[in-house]
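Residues per chain, in single letters:
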Amino acid sequence: MDKKVLSLVENTYTKNDIDAMIDVLKSDQLTMGKNVKKFEEEFAKKFNFNYCVMVNSGSSANLLALSVLCNSKRSNYLKKGDRILVPSVCWSTSVFPILQNGLEPVFMDVNPETLNINAEDIEKYPNIRGIVLVHILGASTNMKKVMEIVEKNNLITMEDTCESLSSKYNDTFLGGFGDMGTYSFYFSHHMTTIEGGMITCKTKDDYNLLLSCRAHGWSRYNNKTYEGVNNKFCFINQGYNLRPMETQGAMGLNQLKDLDSRNDNRRKNYQNITSAILNDHRNYNIIHGVKQLEDSHPEWFAIALFLTEEYTDVLSEFLQYLDNNGIENRPIVTGNFTRQPIMKEISYDIDPTKFVGAEYVHNNGFYIGCPTHKIYNDEELENISNIIYSFEKFQKLIRFYKRPYNIEKSIPYVNDAIKSTWIAEAGSYVNKCEDKLKKLTGCSHVLLTSCGTSALHCMIKCLKYRYPECKKIYLPNNTYIAGINLLLHEYPMDMIECLDNDIDTLIISVAGPKINNSIRMTNRDYS
């Protein structure tokens, strides 16, 4: 399908971004310079970080941060062979820098309700020296509990925040809890420099190590001189060339100015799209979302959804159906990373099925876009829901005698109504409900009542008013007792006659009595 109903990638750069980059291209400084430096300073100021170092991608940020945490010039550093916790739902370059620095990754299960690890599970793993936290799609675990455990066990901590820029736990931005935090400015992320990344750290010593190792291991960033070498090309550390370009710094400065307004759109779209999908009347235990932890304030990267276990086997078919109908989608990051083919090549004999939460994410989860360029209107939201619930395998009859799954969905609306100044008779929720029922039933007018018996009573009153000349009322002999009792309130017994049902349809036979001035009530009248 050419037309996208809901895209994962959108053009988020503006004319101001382009003009800023053109100004750099016209200047004499294209490699890393004052724009990169200014962007680092403004980024640190906005998110209340001590130091920030820009690099050429989020993956480079992970590599450089973990390499510096392994650097022997730190007072507390990771050594080869140290065991490092990492979530089993993560990105590939959350894991590879652990291996590239000679460390041992120890995979943790995740809670599919939050997409993140359970903080208390950290203490289940013995002989752990550090942890790479991965904040998935804007969400986080209980960072207060995590940091209590980290401090208690003296764990070196890196936060992979590449998908969670601007998200907070309590009043602290994610990426600001551990020794270092990393961010990505890839094209489809919260803000973009097309490619690009950032590292935040707390100490001046770590900052100087990051500067040196970002640029070949040069000494030029520590203001020291060394004998026996030309200090213009003096190397004091093992390093890389992970420097960004000056155009990226200029673009980042402009993007940072618009980040809050885009996040406002992101939050509204997240709320509206998830509400439209999860609260749709056709969602009979088909799709559910993720849980936001108390004290967390996510800026959602995307909208994560799950098919319930009843529909696990149709996930791939469903996602292809969404693609074909203009709703782009992806798995939730890598799914269960221990199922990735690379695991066999790095000689880790791990049973993926022991990560029960990650398996559920892998087999049942997916995400769709959370746009920032505009707020989706009611018609667009309805279109998204209609596409989703028109999937053929979702067209099943509703089971009787099962728990009514809409109870939990109703709680926020009930609470909202109770807190309002209008909790009796018709109000905004009653009006909305009646409008939805009109569409569902195809009726022009709908009247809500307190219960089915009240609805039946209203109907009988209306029929009596509409047909004052009625002499006889026919109804099935399997009528609910309330129907007979209510009729007897309005009509004498000799006007009411029960008829036998058609055994195939369980309603009065079409060939039943045809008498003038009579009313025939069927079980369908009670639906």
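### Here's the deal with the overall build of the protein chain
Helix and strand content of the protein chain: 15 helices and 17 strands. Expressed as a percentage of its 527 residues, the buried residues of the protein chain come to 47%. Restricting to contacts in the protein chain with at least 6 residues of sequence separation, those with at least 24 account for 70%.

### Here's the deal with the confidence of the model for the protein chain
With 88% of its residues at a pLDDT of 70 or more, the protein chain shows a mean pLDDT of 88. Here residues 522–527 scores under 50 on pLDDT; set against residues more than four positions off or in separate chains, the count is 14 contacts.

### A closer look at the side chain of Asn283
Note that Asn283 resides in the loop between helix H7 (246–278) and strand S10 (287–288). Here the side chain of Asn283 touches Leu278 through a polar contact of 3.0 Å, landing on its backbone oxygen.

### A look at the pattern of salt bridges
Within this structure, the stated rule accounts for 19 salt bridges. A single salt-bridge network, built from bridges that share partners, covers Arg74, Asp179 and Asp206.

### What about the packing of helix H3 (residues 58–69) against helix H4 (residues 92–100)?
Two elements in contact, H3 and H4, have axes whose closest approach is 9 Å; the angle formed by their N-to-C orientations is 35°. Handedness of the crossing formed by H3 with H4: right-handed. Contacts between H3 and H4 involve Ser59, Asn62, Leu63 and Leu66 on the former and, on the latter, Thr93, Ser94, Pro97, Ile98 and Gln100. Per-class residue counts for the contact of H3 with H4 are 4 nonpolar, 5 polar and no charged.

### A closer look at unusual backbone geometry
In this structure, Leu115 is a non-glycine residue whose phi angle is positive, near 70°. Mapped onto the elements, Leu115 comes out in the loop between strand S3 (104–108) and strand S4 (130–134). A residue is classified by how much of its surface remains accessible, and Leu115, at 2% relative accessible area, is buried. Positive phi values are uncommon outside glycine, yet Ser166 reaches one of about 85°. Note that Ser166 resides in the loop between strand S5 (156–160) and strand S6 (168–169). The buried category is assigned to Ser166, whose relative accessible area is 10%.

### A word on the pairing of S4
Strand residues, when the strand is regular, have side chains that alternate between the two faces of the sheet. Counting buried residues along S4, 5 of its 5 residues qualify, which places the element largely inside the surrounding structure. Of the strand pairs in this sheet, strand S2 (residues 83–87) and S4 are connected by 2 bridges, and their pairing is parallel. For Leu85, the partnering residue across the bridge sits in S4 and is Ile131. Here 5 bridges tie S4 to S5, and the two strands are oriented parallel to one another. Of the residues in S5, the one forming a bridge with Ile131 is Thr157. In this fold, S4 hands off to helix H5 (residues 143–153), which returns the chain to S5; that crossover is right-handed.

### Re the sheet that holds strand S12 (residues 303–307)
Hydrogen bonds between backbone atoms are what pair the strands of a sheet, whose relative direction is either parallel or antiparallel. Read across the sheet, 4 strands follow the order S10-S12-S14-S13 without closing on themselves; strand pairing throughout is antiparallel. A single partner strand is all that each edge strand has here, and the edge strands are S10 and strand S13 (329–330). Pairing geometry for S12 and strand S14 (residues 365–368), over 4 bridges, is antiparallel. Bridge assignment links Leu305 to a residue of S14, and that residue is Phe366. Of the strands in this sheet, S10, S12 and S14 touch H7, which is tilted by about 15° from S12. Across the sheet, helix H10 (residues 356–364) is in contact with S10, S12 and S14; its angle to S12 comes to roughly 90°.

### What about the nonpolar core?
Note that soluble globular proteins tend to have their nonpolar side chains buried in a common cluster. Ile277, Ile287, Phe318, Ile332, Ile388 and Phe394 are the most contacted members of the largest nonpolar core, which totals 100 residues. Looking at this core, the element that brings in the most residues is H3, giving 6 residues. Excluding anything up to four places from it in sequence, Ile287 contacts Ile277, Leu278, Leu305, Phe306, Leu307, Thr308, Ile388, Tyr389 and Phe394. Listed in part, the 17 residues of the second largest apolar core include Phe39, Phe43, Phe49 and Leu165.

### A word on the pairing of S2
With 4 of 5 residues buried, S2 lies mostly within the body of the structure. One crossover worth recording links S2 to the parallel S3 by way of H4, and it is right-handed.

### Some remarks on the sheet that holds strand S7 (residues 172–173)
Spatial ordering of the open sheet is given by S7-S6-S11, a layout of 3 strands whose pairing is antiparallel. Here the strands that pair on one side only, and so sit at the sheet edges, are S7 and strand S11 (296–297). Relative to S7, S6 runs antiparallel, the two sharing 2 bridges. If you follow Lys168 over to S7, its bridge partner there is Phe173.

### Comments concerning the environment of Leu305
Mapped onto the fold, Leu305 is located in strand S12. The spacing of Leu305 and Gly365 is 60 residues in sequence and 5.8 Å in space, taken between C-alpha atoms. Once residues lying within four places of it in the same chain are set aside, the contact partners of Leu305 are Ile277, Leu278, Ile287, His288, Gly289, Ile332, Asn364, Gly365, Phe366 and Ile368.

### Notes on helix H11 (residues 378–389)
Compared with an ideal rise of 1.5 Å per residue, which puts 12 residues at 16 Å, H11 spans 16 Å between its outermost C-alpha atoms and is within 8% of the ideal. Turning to H11, its buried residues number three or more, namely Leu381, Ile384, Ser385, Ile387, Ile388 and Tyr389. Of the surrounding secondary structure, the elements contacted by the buried residues of H11 are H7, S10 and helix H8 (315–324). Its side-chain oxygen 3.1 Å from the backbone nitrogen of Glu379, Asn377 forms the N-cap of H11.

### Concerning the packing of helix H2 (residues 34–47) against H7
Two elements in contact, H2 and H7, have axes whose closest approach is 7 Å; the angle formed by their N-to-C orientations is 25°. Considering their axes alone, H2 and H7 lie roughly parallel with respect to each other. Of the two elements, H2 crosses H7, and the hand of that crossing is left-handed. Contact with H2, carried on its side by Lys34, Asn35, Val36, Lys38, Phe39, Glu42, Phe43, Lys46 and Phe47, involves Glu246, Gly249, Ala250, Gly252, Leu253, Leu256, Leu259 and Asp260 of H7 and no other residues of that element. Here the residues of the contact of H2 with H7 sort into 8 nonpolar, 3 polar and 6 charged.

Rules behind the numbers
- Residues numbered from 1 in each chain as written.
- Predicted model: local features only at pLDDT ≥ 70, side-chain atom pairs only at ≥ 80, totals over all residues.
- Heavy atoms only, no water.
- Helix = DSSP H or I, 4+ residues; strand = E, 2+ residues; numbered from the N terminus.
- Buried < 20%, exposed > 50% of the residue type's maximum accessible area, 1.4 Å probe, protein only.
- Contact = heavy atoms within 4.5 Å.
- pLDDT = per-residue confidence, 0-100.
- Polar contact = N/O pair within 3.5 Å; in protein donor to acceptor, adjacent residues only side chain to side chain.
- Salt bridge = Lys/Arg side-chain N within 4 Å of Asp/Glu carboxyl O.
- Axes fitted to C-alpha atoms, helices over the stretch in contact; angles between N-to-C directions.
- Left-handed = near helix turned anticlockwise from the far one by under 90°.
- Nonpolar A, V, L, I, M, F, W, Y, C, P; charged D, E, K, R; others polar.
- Pairing = 2+ DSSP bridges.
- Right-handed = clockwise from strand over helix to strand, strands pointing away.
- Core = buried A, V, L, I, M, F, W, Y, C linked by side-chain atoms within 4.5 Å.
- Expected span 1.5 Å × (residues − 1).
- Parallel < 35°, antiparallel > 145°, perpendicular 65-115°, else oblique.

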